[in-house]
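So you can see what is in the structure, the chains are spelled out below.
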Amino acid sequence: MEKSAGSVGKVVVDNISKSYDVGRLKEPVLDRCCLTLPAGQLTVLIGPSGCGKSTLINILAGYEKPDSGSITIDGAPVGGPSSDRLVVFQETALFPWMTTFENIVYGPTVQRERLRDEIEKDAAGLLETVGLREFRNKYPSQLSGGMQRRAELARAMINQPRLMLLDEPFRGLDAMTRELMQEYFLRLYEDKGQTSLFVTSEIDEAIFLADTLLLMSARPGRVIKSMPITLPRPRVPSMLTSTEYLRYKEEALDILHEEALKAFEGGSQAAADFVEAYEERETVG
Ligand code: ADP
Ligand code: MG
């Protein structure tokens with residue numbers, strides 16, 4: 001698999017709105033949301049809990065339809081679910097009855113568009129990149145949680161989708177495993193240059209990964225700020241202490257804090273938790 005993915009997958013989201021019926025009321029979740037995902041780039045979306053991030057991912061994946069507005073990928077309108085857009089989320093699971101290797105080659109094997117040799121070569125390369133070469137013949141139950149998540153990333157990546165959608169894929173992992181996951185994910189991304197939208201509610205993760213950081217408002221969600229992150233690649237953990245990095249973090253947190261307060265005033269417990277976490281962070285340093 002060469003780094004050809006970089007030239008495809010440009011996404012333009014134009015003014016999409018979405019409401020859900022809650023009893024007799026219509027609750028707006030996305031409000032005239034606009035964003036662009038440049039081809040071959042890693043865009044990270046961050047926003048307070050409940051602001052509509054997963055709704056946006058579901059719309060991009062084709063699982064849900066917006067009430068209004070348009071979305072195109074490489075100029076073509078997005079319809080229903082398609083193998084050119086893949087979603088990885090926290091609950092994604094490997095097939096328990098297949099080995100790691102079998103899980104990874106499964107997608108392209110059933111698609112029958114590529115030669116078996118080529119698929120196996122790709123799978124071996126991906127296993128190497130995510131540090132699972134020695135575990136190719138193990139079953140998911142024989143892998144740690146972090147290893148399973150790495151195998152899931154490799155399984156998605158081998159399909160060479162036009163667009164990778166990642167909805168808080170590392171949520172629920174302990175801090176050390178999470179940091180390791182970020183590094184493996186970066187290795188995959190920096191190797192393939194696959195157009196990706198990564199959703200997180202964790203600011204360090206967001207800046208560490210992103211080419212562009214999109215900040216979302218409290219519900220009804222809309223992108224309120226697009227911050228280019230010009231830290232060089234490959235990204236390394238020591239960048240997390242650079243002045244440049246801290247400047248990004250301060251700017252993003254100021255905006256997010258304001259949004260979380262708005263949501264808190266609107267009665268969201270999740271936003272209240274976010275404000276609390278933010279304030280703890282400030283006292284810790
Ligand atoms: P996030 O991923 O940013 O935490 P979501 O997109 O999951 O936010 O949800 C945004 C809001 O939409 C939440 O208030 C949620 O309760 C509501 N919501 C999401 N899906 C549905 C649905 N299928 N029906 C009704 N309300 C929904
Ligand atoms: Mg979500």
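Provided above is the structure to which this section pertains.
(A) Layout of the nonpolar core. Membership of the largest hydrophobic core comes to 50 residues, with the highest contact counts inside it found for Phe185 and Leu213. Leu213 has contacts with Val44, Ile46, Ala206, Ile207, Lys225, Ser226, Met227, Ile229 and Ala252, leaving out every residue within four places of it along the chain. One finds Val11, Ile71, Val87 and Met216 within the second-largest nonpolar core, a separate group that totals 25 residues.

(B) Representation of the sheet that holds strand E3 (residues 42–46) in the model. As summarised here, the arrangement of the six strands in space is E6-E7-E8-E3-E9-E10, forming an open sheet in which the pairing is mixed. Each edge of the sheet is formed by a strand with only one pairing partner; in this case those strands are strand E6 (85–89) and strand E10 (223–228). Strand-to-strand twist across the sheet, computed as the mean angle between neighbouring axes with direction ignored, equals 20°. Both strand E9 (residues 212–216) and E10 contribute to a ladder of five bridges, which runs antiparallel. Bridged to Thr212 within E10 is Pro228.

(C) Focus on the sheet that holds strand E5 (residues 76–77). Pairing is antiparallel across the open sheet formed by four strands, whose spatial order is E2-E1-E4-E5. Strands with a single pairing partner mark the edges of an open sheet, and in this sheet they are strand E2 (25–37) and E5. Helix H1 (residues 53–61) rests against strand E1 (11–22), E2 and strand E4 (68–73) of the sheet, and its axis sits at about 115° to E1.

(D) Here's a closer look at helix H7 (residues 243–265). The end-to-end C-alpha distance of H7, which contains 23 residues, comes to 33 Å, matching closely the 33 Å that a straight helix rising 1.5 Å per residue would cover. Among all positions in H7, only Tyr245, Tyr248, Lys249, Ala252, Leu253, Leu256, His257, Glu259, Ala260 and Ala263 are buried.

(E) Inspection of the packing of aromatic side chains at higher detail. Within this structure, the stated rule accounts for five aromatic pairs. Three or more aromatic residues joined by ring pairs form one cluster here, namely Phe95, Trp97 and Tyr106. Its guanidinium or amino end placed over the ring of Phe101, Arg136 lies 4.0 Å from that ring's centre, counting from NZ or CZ.

(F) Region of the structure containing the site of ligand 1. Inspection of the region around ligand 1 gives Tyr20, Val29, Ser49, Gly50, Cys51, Gly52, Lys53, Ser54, Thr55 and Arg219 as its neighbouring residues. Note that an oxygen atom of ligand 1 is positioned 3.2 Å from one of the backbone N or O atoms of Cys51. Between ligand 1 and the protein, one listed contact pairs an oxygen atom with a side-chain N or O atom of Thr55 at 2.6 Å. Protein coverage of the free-state accessible area of ligand 1, which is 560 Å², stands at 61%. Of the residues forming the shell around ligand 1, the biggest block, three residues, is contributed by H1. Taken together, the residues of the shell around ligand 1 break down into three nonpolar, five polar and two charged.

(G) Looking closely at the pairing of E4. Across five bridges, the pairing between E1 and E4 is antiparallel. Bridge pairing in E4 links Ser17 to Ser68. Of the pairings in the sheet, the one linking E4 to E5 comprises two bridges and is antiparallel in character. Looking at the pairing, Ile73 lines up with Ala76 of E5. As consecutive antiparallel partners, E4 and E5 are separated by two residues, and within that stretch Asp74 has a phi angle of approximately 45°, a positive value.

(H) Structural view of the environment of Pro232. Positionally, Pro232 belongs in the loop between E10 and H7. We classify Pro232 as partly exposed; its relative accessible area is 49%. Considering only alpha carbons, one finds Pro232 and Asp67, 165 residues apart in sequence, at a separation of 39 Å.

(I) Local environment of the state of the cysteines. For the structure on display, the rule yields zero disulfides. The cysteine Cys33 is free of any disulfide, with Cys34 supplying the nearest cysteine sulfur at 6.7 Å. Accessibility expressed as a relative area gives 0% for Cys33, which makes it buried.

(J) Seen up close, the pattern of salt bridges. For the structure shown, the criterion picks out 19 salt bridges. Across the pair Asp31 and Arg32 runs a salt bridge whose closest N-O atoms are separated by 3.0 Å. Of the residues examined, Arg32 reaches a relative accessible area of 46% and is grouped as partly exposed. Linking Arg114 and Asp122 is a salt bridge whose minimum nitrogen-to-oxygen distance equals 2.3 Å. Each member of the pair, Arg114 together with Asp122, is buried. Because the salt bridges share partners, they merge into one network encompassing Asp74, Asp84, Arg85 and Arg162.

About the criteria used
In this numbering scheme, every chain counts its residues from 1 along its sequence in written order. Working convention: letters from A go to chains and numbers from 1 go to ligands, in the order in which they are written. Given that this is a predicted model, residues contribute local features only at a pLDDT of at least 70 and side-chain atom pairs are listed and counted only at 80 or more, while totals for whole chains, interfaces and linings are drawn from all residues. In computing side-chain properties, one takes all heavy atoms of the structure into account and sets aside hydrogens as well as water. Only buried Ala, Val, Leu, Ile, Met, Phe, Trp, Tyr and Cys residues count toward a nonpolar core, and they belong to the same one when joined by side-chain atoms within 4.5 Å. The buried label applies to any residue whose accessible area, calculated with a 1.4 Å probe on protein chains only, is under 20% of its type's maximum; exposed applies above 50%, and partly exposed to all values in between. What makes two residues a contact is simply this: any of their non-hydrogen atoms within 4.5 Å. For two strands to pair, DSSP has to find at least two bridges joining them. Under the scheme used here, helices are H or I runs from DSSP no shorter than 4 residues and strands are E runs no shorter than 2 residues, and both carry numbers assigned from the N terminus. Helix axes are fitted only over the stretch in contact, all axes being lines through C-alpha atoms; the angle between N-to-C directions runs from 0 to 180 degrees. Given a helix with a known number of residues, its expected span is that number minus one, times 1.5 Å. Only Phe, Tyr and Trp rings are paired, with Trp represented by its six-membered ring, and only when their centres lie within 6.5 Å; those with planes under 30 degrees apart are stacked, over 60 edge-to-face, the remainder tilted. The criterion for a charge sitting over a ring is simple: Lys NZ or Arg CZ within 6 Å of the ring centre, and within 35 degrees of the ring normal. Distances are taken per atom, and a residue is near a molecule or strand as soon as one of its heavy atoms is within 4 Å of it. Between N or O atoms, a polar contact is any pair within 3.5 Å; within protein, one atom must be a potential hydrogen donor and the other a potential acceptor, and residues adjacent in sequence are included only when both atoms are from side chains. Accessible areas in this description were obtained via Shrake-Rupley with a 1.4 Å probe; residue shielding takes into account the shown protein chains only. Residues are grouped as follows: Ala, Val, Leu, Ile, Met, Phe, Trp, Tyr, Cys and Pro are nonpolar; Asp, Glu, Lys and Arg are charged; every other residue, Gly included, is polar. The rule for a disulfide is simple: a pair of cysteine sulfur atoms within 2.5 Å. Whenever a carboxyl oxygen of Asp or Glu lies within 4 Å of a side-chain nitrogen of Lys or Arg, that contact is scored as a salt bridge.

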